[in-house]
Amino acid sequence: MTQTIAGVYYYPATSQSEEVSLTVSGDVFNVVLCDKVLVTSIQTRLSIAARVPGVPLEIVFKDGGKFIAASSKDRINPLKSKAEKLESSWLTAIVCTVLVPCFIWLFVTVVIPKMAEMSVRLLPDSVAISMGDQSFYVIEKAFLEETELDKTLQESVVKQWNMALEQLALDKKKYTIHFFKSDYFGANAFALPNGKVVITDELLQLLEDKPDAILAILLHEIAHVEYQHSMRLVAHSMANTIALAVVFGDMDGFADVFLGIGAALWENAFSREMESQADEYAFKHLIALGKSPAAFAQAMEILMEQRARTSERSKNSKSTENTVLQYLSTHPDTQQRIDKAKSYQ
Amino acid sequence: MDTDKALDSQDHSNAAQGYISNNIEFSGKASTFFGIWIVNVLLSIITFGIYSAWATVRTNNYFYSNTKLDGHVFSYLAKPLQILRGRILAIIFFVIYALVTNFNPVLGIILSLLLLIAMPWIIVQSLRFNNQMISYRNVRFDFHGTYGGAFVHFVLLPILGAITLYLAMPWVLKKIKHFVLSNTSYGETKLTTNLSTGQFYKTFLIAFLILAAFVGVIFALAFAATSNVGLQFFSALPPSTLTLVGVAYLATFAFMRAVVIVQIRNHVLANTELEGLAKFKSSFTIPSYAFLEVTNMLALICSLGFAFPWVAIRSARFFAQRTQVEINTKAANAIDTKSRQDSSVGSETAEAFDLGMSVV
């Protein structure tokens, strides 16, 4: 059976062209110009390019001559590649439209986090230490000032800290406590992956006469280090970036929107999970130290009160030096955490 | 100089020399492309990105083959494996780079310097690949820029632009455009380009004035409302007003971007030609381009990205409809590339691979 397709033939190595017809019978291809055969070839000596819906058939001959079909509908029977069949079916399009968001969701919430978790386990401790050292250097230079606390308060906190480390059998060389004044962080405390725990003057002043509450917060920070939370966050954001480049790199606007939403939601969930994990750790170890988890609730309540007061004040006086308590804003659902601490057995 | 008059007389002389004006036609359809795209996205995801090389080739096939000039379509010739090879290399580097910069910033700086040295090579390689993979009338495009030239234009000049507080930047951008275009050829005919530095400065000055006017208006309004100057004003605004300011800013920014892109493109195309073969003209207008960009962005956001095929197709149509090419038909019919052995089946580009760097 012979098939005839209209198109243009381009001679090799020149822009010269003719309007021709291509006849295909079996595996013999002929380019015909007004009943005269210009080129004849067998299928194994030519390449059929571009089998994409809406793209005209292109045949490149061994010598570089090329035939391009006039209509994008013509195909050499019955040759429609598998990909082209999928791409031109409406059913597949609908199925894919449903599946794509599902798969992206699966990637963002399961595959990427799993990969990140696995890679964190593979990282040696020295990486966490050097990362902590380097970021501490930057944070200190940029946001921290020398403490203005009085020596006795500092000493009592350090004493308590050392006692807690000893009783909980934590590495004293790894975990160190540091006092700084910080306008940027306000009343806050944070831990770096190398075991450095920083607590600000502003926070200590609030909790000055409540050593157990201070201890509760310090334990919460230690938990972040013990569970490698910041390493896991870094690993996760890296895994995300890499996945974005590797898997979704070629999808332009699409991936940005979808992956962005997915990653943001996941990261929120993850950080909430990390916080409650750290809270639980604090509760458990407060009990181990012979204290009550209610100390944690107390710390939270004081912070919440303080926040209410400062936001009230900044509303009234329109003052720009609003010391919104950052500690709370990065840790949502404070009331829930307080209730949990109070009911912890 | 009276440009209209100059163009007019040019038109007449063009006709005399055998030039015929053609519009670029684009026949892609959003519905067809949606089918191609969504299948490719799914396959790319479930193959962990490997299929994306095939996806790129199929997408480019669709767009080039649906672009027609003077009765002939363009062809995209790259093979998926060439793209995959470059992509694997890029990803290996990217992973190393991400690990190093996160965990050892000092080593990261050294790696960045190495990247800076490699950058011109990567750019040249990409431009060469991307040009060689496009053919029109069975004749390929090509890029002839050298490492040295790319180093000067993509590393040294931008540094110069930055240290002059961006005062030299319009000139630098002109030099970069000139470098890329004058090293691009169709078959053996190189593009010749004659860009005006003044035009670049004028364009960026207008863009700057638009931004300045926006900032001025906002602060004037702020002053009128509260009679105090400074950023505190914004913290006191209700969210609805703040949103309004945000939208106004985005609109201004879109308009500014449109001014730059439209002016530069129109200028560049009007002053570039394939000698003896073709002259170009771009008739973009600022409002229509700004409208295109803004509606594209809104469509992408509102559809969670699913409007991408529609956006891509209508953008391609917009570009095609506003680009005219005057072709010297006689010359175009007889381009000879025998000396270059321009065979599409040949393996002369087997070593070429795409490094996915897009410039210009």
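First things first, this report covers the structure right here in the doc. (Residues numbered from 1 in each chain as written. Chains lettered and ligands numbered in written order. Predicted model: local features only at pLDDT ≥ 70, side-chain atom pairs only at ≥ 80, totals over all residues. Heavy atoms only, no water.)

Another aspect to go through is the interface of chain A and chain B. Taken together, the contact pairs 63 residues of chain A with 59 residues of chain B. Each partner contributes to the roughly 4900 Å² buried at the junction of chain A and chain B, and carbon and sulfur atoms together form 70% of this total. Among the residues of chain A in contact with chain B, Ala13, Ser15 and Glu87 of chain A are the three that bury the most area, contributing 12% of the side total. At the junction of chain A and chain B, the tally comes to one salt bridge. We note a salt bridge from Glu87 of chain A to Arg58 of chain B, for which the minimum N-O separation is 2.7 Å. (Contact = heavy atoms within 4.5 Å. Buried area = accessible area lost by both parts, 1.4 Å probe. Salt bridge = Lys/Arg side-chain N within 4 Å of Asp/Glu carboxyl O.)

Moving on, we get to the packing of helix H11 (residues 286–302) of chain B against helix H12 (residues 308–321) of chain B. Residues and elements named next belong to chain B. H12 packs onto H11 with a crossing angle of 170° between their chain directions and a minimal axis gap of 9 Å. The pairing of H11 with H12 is recorded here as roughly antiparallel in orientation. Only Phe308, Trp310, Val311, Arg314, Ser315, Phe318 and Phe319 of H12 make contact with H11, whose side of the interface consists of Ser288, Tyr289, Phe291, Leu292, Thr295, Asn296, Ala299 and Leu300. Here the contact of H11 with H12 is built from residues that sort into 10 nonpolar, four polar and one charged. (Axes fitted to C-alpha atoms, helices over the stretch in contact; angles between N-to-C directions. Helix = DSSP H or I, 4+ residues; strand = E, 2+ residues; numbered from the N terminus. Parallel < 35°, antiparallel > 145°, perpendicular 65-115°, else oblique. Nonpolar A, V, L, I, M, F, W, Y, C, P; charged D, E, K, R; others polar.)

Under the definition given, this model contains 33 aromatic pairs over all chains. Ring geometry for Phe107 of chain A against Phe48 of chain B: centres 5.4 Å apart, planes inclined by 55°, an arrangement best described as tilted. Within this pair, whereas Phe107 of chain A is found in helix H2 (residues 90–122), its partner Phe48 of chain B is found in the loop between helix H2 (30–46) and helix H3 (52–65), the two belonging to separate chains. We classify Phe107 of chain A as buried; its relative accessible area is 6%. Since its relative accessible area comes to 48%, Phe48 of chain B is described here as partly exposed. Taking 5.7 Å as the distance between ring centres and 15° as the angle between the ring planes, the aromatic pair formed by Phe33 of chain B and Tyr62 of chain B counts as stacked. Separated by 29 residues along the polypeptide, Phe33 of chain B in helix H2 and Tyr62 of chain B in helix H3 bring together distant segments of the chain. (Phe/Tyr/Trp six-rings, centres within 6.5 Å; stacked < 30°, edge-to-face > 60°. Buried < 20%, exposed > 50% of the residue type's maximum accessible area, 1.4 Å probe, protein only.)

A separate point is the nonpolar core. Nonpolar side chains in soluble globular proteins generally cluster together in the buried interior. In this structure, Phe33, Trp37, Ile38, Tyr62 and Tyr186 of chain B are the most contacted members of the largest nonpolar core, which totals 71 residues. In this structure, Ile199, Leu215, Ile222 and Ile338 of chain A belong to the second largest nonpolar core, which totals 44 residues. (Core = buried A, V, L, I, M, F, W, Y, C linked by side-chain atoms within 4.5 Å.)

A separate point is the pattern of salt bridges. Side chains that differ in sign of charge can pair as their charged atoms come close. Counted under the stated rule, the structure contains 12 salt bridges over all chains. Between Glu84 of chain A and Arg75 of chain A there is a salt bridge whose closest N-O contact spans 2.9 Å. Accessibility classification places Glu84 of chain A together with Arg75 of chain A in one group, the buried group. With a shortest N-O distance of 2.6 Å, Arg257 of chain B and Glu293 of chain B are connected by a salt bridge. Of the two residues, Arg257 of chain B is situated in helix H10 (residues 239–270) and Glu293 of chain B in helix H11; the sequence distance between them amounts to 36 residues.

This part is about H2 of chain A. One turn of the α-helix equals 3.6 residues, which is why residues spaced by three or four share an orientation. Residues and elements named next belong to chain A. Over its 33 residues, H2 extends 45 Å from the first C-alpha to the last, a length consistent with the 48 Å expected when each residue adds 1.5 Å. Of all the bends in H2, the largest measures some 40° and sits at Phe107. The complete set of buried residues in H2 reads Thr92, Ala93, Cys96, Val100, Ile104, Phe107, Val108, Ile112, Pro113, Ala116 and Val120. With a side-chain oxygen positioned 3.2 Å from the backbone nitrogen of Leu91, the residue opening H2 is Ser89. (Expected span 1.5 Å × (residues − 1). Bend = angle between axes of the 7 residues up to and from the residue. Polar contact = N/O pair within 3.5 Å; in protein donor to acceptor, adjacent residues only side chain to side chain.)

This paragraph deals with the sheet that holds strand S8 (residues 145–146) of chain A. Across a sheet, strands are paired by hydrogen bonds formed along the backbone, either parallel or antiparallel in direction. Residue and element names in this part refer to chain A. The strand order across the open sheet built from four strands is S8-S9-S11-S10, with neighbouring strands paired in mixed fashion. In the strand order of this sheet, the two ends are held by S8 and strand S10 (189–191), each with one partner. Bridge analysis of strand S9 (residues 176–181) against strand S11 (residues 196–200) gives five bridges, and the strand direction is parallel. When the sheet's bridge partners are listed, Thr176 is paired in S11 with Lys196. Sheet strands in contact with helix H4 (residues 151–167) are S9 and S11, and its direction is about 155° off that of S9. (Pairing = 2+ DSSP bridges.)

The next subject is the side chain of His267 of chain B. With respect to the element layout, His267 of chain B can be found in helix H10. Assessed through its relative accessible area of 10%, His267 of chain B is described here as buried.

This part is about a nonpolar patch on the surface. A cluster of nonpolar side chains, Leu107, Ile110, Leu114, Ile117, Trp121 and Tyr147 of chain B, forms an exposed patch at the surface whose accessible area comes to about 600 Å². Along the chain, Ile117 of chain B falls in helix H5 (residues 105–132). (Patch = residues over 30% accessible without salt bridge, like charges linked within 9 Å, V, L, I, M, F, W, Y side chains within 5 Å. Areas by Shrake-Rupley, 256 points an atom, 1.4 Å probe, with all protein chains shown as cover.)

Moving on to empty space enclosed by the protein. Where empty space is left can be seen by rolling a probe of water-molecule size over the atoms. Residues and elements named next belong to chain A. Scanning all chains against the criterion turns up one cavity of 30 Å³ or more. What the largest cavity holds in volume is close to 30 Å³. Taken together, Trp161, Ala164, Leu165, Leu215, Leu218, Leu219 and Ile222 form the lining of the largest cavity. Contributions of two or more residues to the lining of the largest cavity are made by H4 and helix H6 (211–226). It is H6 that contributes the most residues to the lining of the largest cavity, four residues altogether. (1 Å grid on protein atoms, 1.4 Å probe; cavity = no way out; pocket = protein on both sides within 12 Å on 5 of 7 lines; lining within 4 Å. Points joined across faces, edges and corners; volume = space filled by probe spheres on them.)

The subject of this paragraph is the sheet that holds strand S6 (residues 58–61) of chain A. All names here are of chain A. Spatial strand order, S4-S3-S2-S1-S7-S6-S5: seven strands in an open sheet with antiparallel pairing. The outermost strands of the open sheet, each flanked by one partner alone, are strand S4 (36–42) and strand S5 (46–49). The average angle at which neighbouring strand axes cross in this sheet is 30°, direction not considered. Where strand S2 (residues 17–25) meets strand S3 (residues 28–33), five bridges bridge the pair, whose relative direction is antiparallel. In the strand pairing of S3, Val24 is matched with Phe29.

Before going further, it helps to examine the environment of Gln324 of chain B. All names here are of chain B. The residue Gln324 is located in strand S11 (residues 323–328) in this model. Since its relative accessible area comes to 15%, Gln324 is described here as buried. The spacing of Gln324 and Ser21 is 303 residues in sequence and 6.7 Å in space, taken between C-alpha atoms. Setting aside residues up to four positions removed in sequence, Gln324 forms contacts with Ser21, Asn22, Asn23, Lys279, Phe280, Lys281 and Ser283. Within the structure, the side chain of Gln324 is placed 3.0 Å from the side chain of Asn23, a separation counted as a polar contact. Side-chain polar atoms of Gln324 contact the backbone oxygen of Gln321, separated by 3.5 Å.

All right, on to unusual backbone geometry then. All names here are of chain B. Of note in this structure, Arg137 is not a glycine but carries a positive phi near 55°. Mapping Arg137 onto the fold places it in the loop between strand S5 (134–136) and strand S6 (139–143). Take Arg137: its relative accessible area is 3%, and that puts it in the buried class. In this structure, Asn138 is a non-glycine residue whose phi angle is positive, near 65°. Mapped onto the fold, Asn138 is located in the loop between S5 and S6.

Next up on the list: the environment of Ala290 of chain B. Residue and element names in this part refer to chain B. Mapped onto the secondary structure, Ala290 falls in helix H11. On the accessibility criterion, Ala290 (12% relative accessible area) is buried. Non-local contacts of Ala290, meaning those with residues more than four positions away in its chain, are made with Ala254 and Ala258.

For the rest of this paragraph, the subject is the pairing of S5 of chain A. Residue and element names in this part refer to chain A. Only one face of S5 is covered, namely the one carrying Leu46 and Ile48; the face carrying Ser47 and Ala49 has none of its residues buried. Note: S5 against S6, four bridges, orientation antiparallel. Bridging across to S6, Ile48 finds its partner in Ile59.

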